[in-house]
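Given next are the chains, with one letter for each unit.
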Amino acid sequence: MLKSKTIDFITELFRTKEWVFSKILFNTSIVFAFLIIVGENPTDKFTIYISVIIYILSVGALGYFINDIFDAKPDNISGKPNKSASLSIPTKITIFVILILSAGIPFWFLLPKIEYYLGFTAVQIFLFIVYSIPGLRLKNTFWGILCDAAYSYVLPAIIVLSICIISLNININPTYKSVLFIVWLSFIGIRSIINHQIYDLKNDIKSGEKTFVYKLKRNQSIFVLKTLTAIEVVMYFILVFSTPSFHLVMGISLGILLTLEIIEILVFNTLPFNKTKFFFEALNRYYDYYIFMSFLIFFALTINQLFAIIPIIYVLSRFHFFKWLYYKPVLWIYYKSKGAIDRLK
């Protein structure tokens, strides 16, 4: 029981359900794309995958922890849960140090050169702090929008790519596609934080947080959000269409998106009440899950069929297959067997 409570507390403290899988899968997709471009086999790059996972878990947890520490007071006013508020100052310092060490020490053993990784990661942690800390608190300015986009999407991608480049010991010359890629990530980040601030506007008003959306007003923010999203999607298609090796991957991912969303609406009667919100949620699922799954299907077609296992499990889970399996055949067999045993007794 104690262990269960401890795990629940850690999960809530770092809000892992909100970001762990999506961030790991999205950034792993970037690794897959890079390996395809440079002609490397994705099946024997375990050091890269381990490095990316350790980076995402440690630095991601640190980012949410820093944000919640400085948001404790406004969250308390608005009634928003914040587990960090219950921690003592020595405990907060200890957790901060542990996460910093976790983000650095393993890479002395995983990477042949660590300077670039440490430098980019230090910049990301600096942005975490200036975004939230009282006095600077970029969170309440337009610069906070850019800051959030930088540490949420742009810098993680740069760090993940630096891990790949250092691990493979190769030289990469930036091209216009590199610039387009960074700009596309920036638009995803800006769109995501504006969408979050719109969703959280009522809590921000209660707590007195004058965010970018609060100052711009909700209707204007929604217009900006839709405009940015349109540009983001166009840039994504330009980026993919300009890279022929990704055409099949994009086709698979779009097919998964349309198929799953349509079936979920028709079969499970999940017709969205708010079509705009549904679109953004579907777009996020596309980035966070479907692209990753499409890469695995691509590898199943070109390398080894075993890559298809994870996408199959994901699709079955989206269709609630395992829940159905448990509540129908499994429980039916269990109770029938129990009844037969009781009668024999």
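Just so you know, these numbers come straight off a predicted model, no measurement behind them. Chains are numbered independently. Their residues run from 1 in the order of the written sequence. Reporting in this predicted model follows two pLDDT cut-offs: at least 70 for local features of residues, and 80 or more for side-chain atom pairs to be given and counted; totals over whole chains, interfaces and linings ignore these cut-offs and use all residues. Side-chain metrics rest on all non-hydrogen atoms present in the structure, leaving aside hydrogens and water.

## Looking at the overall build of the protein chain
At step 1: Of the regular secondary structure elements, the protein chain holds 16 helices and zero strands.
At step 2: The C-alpha radius of gyration computed for the protein chain amounts to 22 Å, which stays within 12% of the reference 20 Å derived for 345 residues, consistent with globular compactness.
At step 3: Along the first, second and third principal axes, the C-alpha atoms of the protein chain reach 75 × 50 × 45 Å.
At step 4: With 345 residues in all, the protein chain has 44% of them scored as buried.
At step 5: In the protein chain, 75% of the contacts between residues at least 6 apart in sequence involve partners at least 24 apart.
At step 6: Within this scheme the basic residues Lys and Arg register as positive and the acidic residues Asp and Glu register as negative, but His and the chain ends are omitted. The location of each charge is read from NZ of Lys, CZ of Arg, CG of Asp or CD of Glu. The average position of the 32 basic charges and that of the 19 acidic charges among the side chains of the protein chain differ by 6 Å. Secondary structure counts use DSSP, requiring at least four H or I residues in a row for a helix and at least two E residues in a row for a strand, with both numbered from the N terminus. Computation of the radius of gyration draws on C-alpha atoms alone. For the globule rule, the value is 2.2 Å times the number of residues to the power 0.38. Each residue gets one of three labels from its accessible area relative to the maximum for its type: buried under 20%, exposed over 50%, partly exposed in between, using a 1.4 Å probe on protein chains only. What makes two residues a contact is simply this: any of their non-hydrogen atoms within 4.5 Å.

## Points about the packing of aromatic side chains
At step 1: Geometry of aromatic contacts follows a simple scheme: Phe, Tyr and Trp rings, the Trp one being its six-membered ring, pair when their centres are within 6.5 Å, and the pair is stacked under 30 degrees between planes, edge-to-face over 60, tilted otherwise. Counting across every chain of the model gives 31 aromatic pairs.
At step 2: A ring pair is formed by Trp184 and Tyr287, whose centres lie 5.5 Å apart and whose planes are at 80°; its orientation type is edge-to-face. Placement of the pair is Trp184 in helix H9 (residues 176-199) and Tyr287 in helix H14 (residues 275-302), with a sequence separation of 103 residues.
At step 3: The exposure class assigned to Tyr287 is buried, which follows from its relative accessible area of 2%.
At step 4: Here Lys23 stacks its cationic end above the ring of Tyr153, 3.9 Å away from the centre of that ring. Two thresholds decide whether a charge sits over a ring: the Lys NZ or Arg CZ must be within 6 Å of the ring centre and within 35 degrees of the ring normal.

## A look at helix H8 (residues 142-168)
At step 1: Helix length check: H8, at 27 residues, gives a terminal C-alpha distance of 38 Å against a target of 39 Å (1.5 Å per residue), a fit within 8%.
At step 2: Considering bend angle alone, the principal kink of H8 is centred on Ala150 and spans about 45°.
At step 3: For H8, a buried count of 20 out of 27 residues is recorded, marking the element as mostly surrounded by other parts of the structure.
At step 4: Looking at where H8 begins, the residue whose side-chain oxygen comes 3.3 Å from the main-chain nitrogen of Trp143 is Thr141.
At step 5: At the C-terminal side of H8, Asn169 shows a positive phi close to 55°. Multiply 1.5 Å by the residue count of a helix minus one, and that product is the helix's expected span. To obtain the bend at a residue, axes are fitted to the seven residues ending there and to the seven starting there, and the angle between these axes is taken. As used in this structure description, the phrase polar contact means that two N or O atoms lie within 3.5 Å; if the pair is within protein, one of them must be able to donate a hydrogen and the other to accept it, and residues adjacent in sequence are counted only when both atoms belong to side chains.

## What to know about the environment of Ile190
At step 1: Relative to the helices and strands, Ile190 is located in helix H9.
At step 2: Separated by 28 residues in the primary sequence, Ile190 and Arg218 place their C-alpha atoms 16 Å from one another.
At step 3: When residues no more than four places from it in sequence are discounted, the contact partners of Ile190 are Ile145, Leu146, Ala149 and Leu228.

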